[in-house]
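Each chain, written out:
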Amino acid sequence: MKNIVIIGGGTGGTVVANRLANRLYDQKDISITLFAPEKNHIYQPDLLFLSLDLSDPRRMFRDEQKLLNKKVNLIQQPVDAINVDNKFVISKGKKYAYDYLVIATGARLVPDLIPGLAGNNNHFYDYSSAMQLRDKLRGFKKGVIVTGVADVPYKCPPAPLEFTLLLDYKLRKYGLRSSVDLTYIYPINSIFTIQNVVPILQKEYDTRNIAYKTFFIVDHVDPEKHEVVAMDGETVKYDLLVLIPPHRGQQIISDAGIGDEGGWMSVDKYTLQEKNHEEIYGIGDATNLPVSKAGSVAHFQSGVIANNISNSVLGIDEKINYDGSTMCMTEIGYDKGLILLFDYSHPPYGLIPSRLNHLAKVFYLDYYFANMMYGLP
Amino acid sequence: MSDEKVTKVIDARGSYCPGPLMKLIENVRLAKVGDVLDLLSSDSGTKKDAPNWIKKTGQELIGIYDEEGYTRIRIKKIK
């Protein structure tokens, strides 16, 4: 019996489990176990729309068990420790041995890394926070909203920018834009990470009178003065603060000795195998790869991992590499969007905002769940 | 090349700008005052962006070194 253990029921963990099950469906002596503590799987990109009152909270959840191939053994509890030397994980005191381990534990939000941020900030990176932000925005008629990023890395690089542009669009629709100022802060020297997209987005910011401060590295938040203070002392005042909080990897990765200082797992950028343990793979947000922390990355990586593990199990000496493939669907408001496709060797192309791209993002939720269940490409 | 002891090497080769800069920002926040970091980048934009960021945040740029197919940028966290 060979045991494949997957930790984490987000995009990467769920898709890789199903793809492995599809490839190994007729192998009786293969066990695929997925540890996913949450009962419901959430489609995270919809949280952006939810926070702006542009989506229904009932749309984005599916029962994790119902998304999974029957060959996958789902255990709805967290993994508390990984023993990489003796090849087992521990969950609620019980040991589970593995021959192959896939770590898909994602990122965690750690607002406490920035003094003054917790309790004074709003965001849309989890369900309850998105709902709270939605409710605050419903009553916000006048003042300054500061948006942007508190620290890097963070999930879904375009999200803070999309939020700002959609917020502007929504405020204009409701006739509130003249009484609400928007200021966006970002830690690098432009408003977005992907440089050949910046002119398009900056034009939107300039046309719509959205102020921005680049190279703004948040040092702390002063709730008394309602100010965000940068490392170089620059300040920006807010009435409502919406910053993406700092992200870090999971503690079990650091504890297992396979992560860097940030808790991100060290993997080979092509094979996705842990540097010193070839039977361990990392996927999605959990890794320290210099690629976007995005569901699309986990999706593309899942094909590589499922292929290479199943080939190894079946004794087929063929491996494929992850090429850095990433897709970012970026909303800019006014029912228009961009779809950015790129990899390690090719910068993004297809940079024309269109209604078709917007519709693709709106309807992607249904494709996401269908893809997850049936292993579509 | 300076002979200061490097605390950490950040290998961001193969990542497009500003990927290397993002890795630098993350690591500078995690580093201790006095740590020396080497950022390796194959993206030509980093040669301009990283020194600008270092200057803006008041850290110390020790040097920029051209290696075969990439650039090594050495920085010291001083605050």
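Scoring rules and cut-offs
- Residues numbered from 1 in each chain as written.
- Chains lettered and ligands numbered in written order.
- Predicted model: local features only at pLDDT ≥ 70, side-chain atom pairs only at ≥ 80, totals over all residues.
- Heavy atoms only, no water.
- Pairing = 2+ DSSP bridges.
- Helix = DSSP H or I, 4+ residues; strand = E, 2+ residues; numbered from the N terminus.
- Axes fitted to C-alpha atoms, helices over the stretch in contact; angles between N-to-C directions.
- Contact = heavy atoms within 4.5 Å.
- Buried area = accessible area lost by both parts, 1.4 Å probe.
- Salt bridge = Lys/Arg side-chain N within 4 Å of Asp/Glu carboxyl O.
- Nonpolar A, V, L, I, M, F, W, Y, C, P; charged D, E, K, R; others polar.
- Buried < 20%, exposed > 50% of the residue type's maximum accessible area, 1.4 Å probe, protein only.
- Domains from an automatic or database assignment.
- Polar contact = N/O pair within 3.5 Å; in protein donor to acceptor, adjacent residues only side chain to side chain.
- Phe/Tyr/Trp six-rings, centres within 6.5 Å; stacked < 30°, edge-to-face > 60°.
- Lys NZ or Arg CZ within 6 Å of the ring centre and 35° of its normal.
- Lys, Arg positive; Asp, Glu negative; His and termini not counted.

**Quick notes on the sheet that holds strand β7 (residues 88-91) of chain A**
As a general point, the strands of a sheet are linked pairwise by backbone hydrogen bonds and lie either parallel or antiparallel.
Residues and elements named next belong to chain A.
Moving on, step 1. Taken in spatial order, the three strands line up as β6-β7-β8 in an open sheet, and their pairing is antiparallel. Two strands close off the open sheet at either side, each with one partner strand: β6 (81-83) and β8 (94-97). Sheet twist, expressed as the mean angle between neighbouring strand axes with direction ignored, is 25°.
Moving on, step 2. Where β7 lies against β8, four bridges are found, and the strand directions are antiparallel. When the sheet's bridge partners are listed, serine 91 is paired in β8 with lysine 94.

**A short note on the interface of chain A and chain B**
Moving on, step 1. Taken together, the 33 residues of chain A in the interface contact 20 residues of chain B.
Moving on, step 2. For the pair chain A and chain B, the summed buried surface comes to about 2,200 Å²; carbon and sulfur atoms form 59% of the total.
Moving on, step 3. For the salt bridge of Lys56(B) with Asp232(A), the shortest nitrogen-to-oxygen distance reads 2.9 Å.
Moving on, step 4. Broken down by class, the residue content of the side of chain A that touches chain B amounts to 17 nonpolar, eight polar and eight charged.

**So, the pattern of salt bridges**
Residues and elements named next belong to chain A.
Moving on, step 1. By the definition in use, this model includes 25 salt bridges over all chains.
Moving on, step 2. We note a salt bridge from aspartate 151 to arginine 248, for which the minimum N-O separation is 3.0 Å. You can see aspartate 151 sitting in the loop between β11 (143-149) and α5 (159-173) and its partner arginine 248 sitting in strand β18 (residues 247-248), a full 97 residues away along the chain. We note that aspartate 151, like arginine 248, is buried.
Moving on, step 3. We note a salt bridge from glutamate 227 to lysine 237, for which the minimum N-O separation is 3.3 Å.

**As for the environment of Gly262(A)**
Moving on, step 1. Assignment of secondary structure puts Gly262(A) in the loop between α7 (251-255) and β19 (273-274).
Moving on, step 2. Placed 109 residues apart in sequence, Gly262(A) and Pro153(A) show a C-alpha to C-alpha distance of 9.8 Å.

**As for the domain arrangement of chain A**
Residue and element names in this part refer to chain A.
Moving on, step 1. Here chain A is partitioned into domain 1 (2-49 + 61-107 + 249-326) and domain 2 (109-247).
Moving on, step 2. Distance between the C-alpha centres of domain 1 and domain 2: 32 Å.
Moving on, step 3. Facing the 11 residues of domain 1 at the interface are 16 residues of domain 2.
Moving on, step 4. Summing both partners gives a buried area of about 1,100 Å² for domain 1 against domain 2, and 72% of it is carried by carbon and sulfur.
Moving on, step 5. The tally of links between domain 1 and domain 2 comes to zero salt bridges.
Moving on, step 6. Linking domain 1 with domain 2 are two residue pairs in polar contact (both at pLDDT 80 or more).
Moving on, step 7. No other element matches the three residues that helix α2 (residues 46-51) contributes to the side of domain 1 that touches domain 2.
Moving on, step 8. Taken together, the residues that form the side of domain 1 that touches domain 2 break down as seven nonpolar, two polar and two charged.

**So, the environment of Leu240(A)**
All names here are of chain A.
Moving on, step 1. The residue leucine 240 is located in strand β17 (residues 240-244) in this model.
Moving on, step 2. Each C-alpha atom of the pair leucine 240 and leucine 182 lies 9.9 Å from the other, and the pair is 58 residues apart in sequence.
Moving on, step 3. Aside from chain neighbours lying at most four places away, what touches leucine 240 is Asn122, Leu133, Lys136, Leu137, Phe140, Val144, Ile145 and Val146.

**Looking at the packing of aromatic side chains**
Moving on, step 1. Per the counting criterion, the structure on display carries 15 aromatic pairs over all chains.
Moving on, step 2. Considering the side-chain rings of Tyr184(A) and Tyr186(A), the 5.6 Å spacing of their centres and the 15° angle between planes classify their relative orientation as stacked. Summarising the burial analysis for this pair, Tyr184(A) and Tyr186(A) share the class buried.
Moving on, step 3. With a centroid separation of 5.7 Å and 75° between ring planes, the pair formed by Tyr322(A) and Tyr344(A) is classed as edge-to-face. Here Tyr344(A) lies in the loop between β22 (336-342) and α9 (355-374) and Tyr322(A) lies in the loop between α8 (295-314) and β21 (326-333), a separation of 22 residues in the sequence. As far as burial versus exposure is concerned, Tyr322(A) and Tyr344(A) are alike and both buried.
Moving on, step 4. Members of the aromatic cluster, each reached through a chain of ring pairs, are Tyr154(A), Tyr184(A), Tyr186(A), Tyr205(A) and Tyr212(A).
Moving on, step 5. Between Lys269(A) and the ring centre of Tyr344(A), over which it is positioned, the NZ or CZ distance is 4.7 Å.
Moving on, step 6. Across from the ring centre of Tyr70(B), 4.5 Å away, lies the NZ or CZ of Arg13(B), which sits over that ring.

**As for the pairing of strand β15 (residues 227-230) of chain A**
Residues and elements named next belong to chain A.
Moving on, step 1. Where burial is concerned, the two faces of β15 agree: the one with Glu227 and Val229 and the one with Val228 and Ala230 are both buried.
Moving on, step 2. Bridge count between strand β14 (residues 218-222) and β15: four bridges; the pairing is antiparallel. Residue pairing in the sheet places valine 218 in a bridge with alanine 230 of β15.
Moving on, step 3. Counting the residues between successive antiparallel strands, the hairpin from β14 to β15 contains four residues, one of them, histidine 226, with a positive phi of roughly 55°.
Moving on, step 4. Across three bridges, the pairing between β15 and strand β16 (residues 235-237) is antiparallel. The residue bridging glutamate 227 from the neighbouring strand is lysine 237, located in β16.
Moving on, step 5. Hairpin remark: β15 followed by β16, antiparallel, with four residues in the connecting loop; positive phi at glycine 233, about 95°.

**Observations concerning the environment of Thr7(B)**
Moving on, step 1. Mapped onto the fold, Thr7(B) is located in the segment before β1 (8-11).
Moving on, step 2. The spatial distance from the C-alpha of Thr7(B) to the C-alpha of Gly34(B) is 9.1 Å, given a sequence separation of 27 residues.

**Some remarks on the side chain of Asp35(B)**
Residue and element names in this part refer to chain B.
Moving on, step 1. Structurally, the position occupied by aspartate 35 is in the loop between α1 (19-30) and β2 (36-41).
Moving on, step 2. Of the side chains bearing the opposite charge, lysine 32 lies closest to the buried aspartate 35, which forms no salt bridge; the N-O distance is 5.0 Å.
Moving on, step 3. A polar atom in the side chain of aspartate 35 sits 2.9 Å from the backbone nitrogen of lysine 32.
Moving on, step 4. Apart from residues no more than four positions distant in its own chain, aspartate 35 is found in contact with Thr7, Ile75, Lys76 and Lys77.

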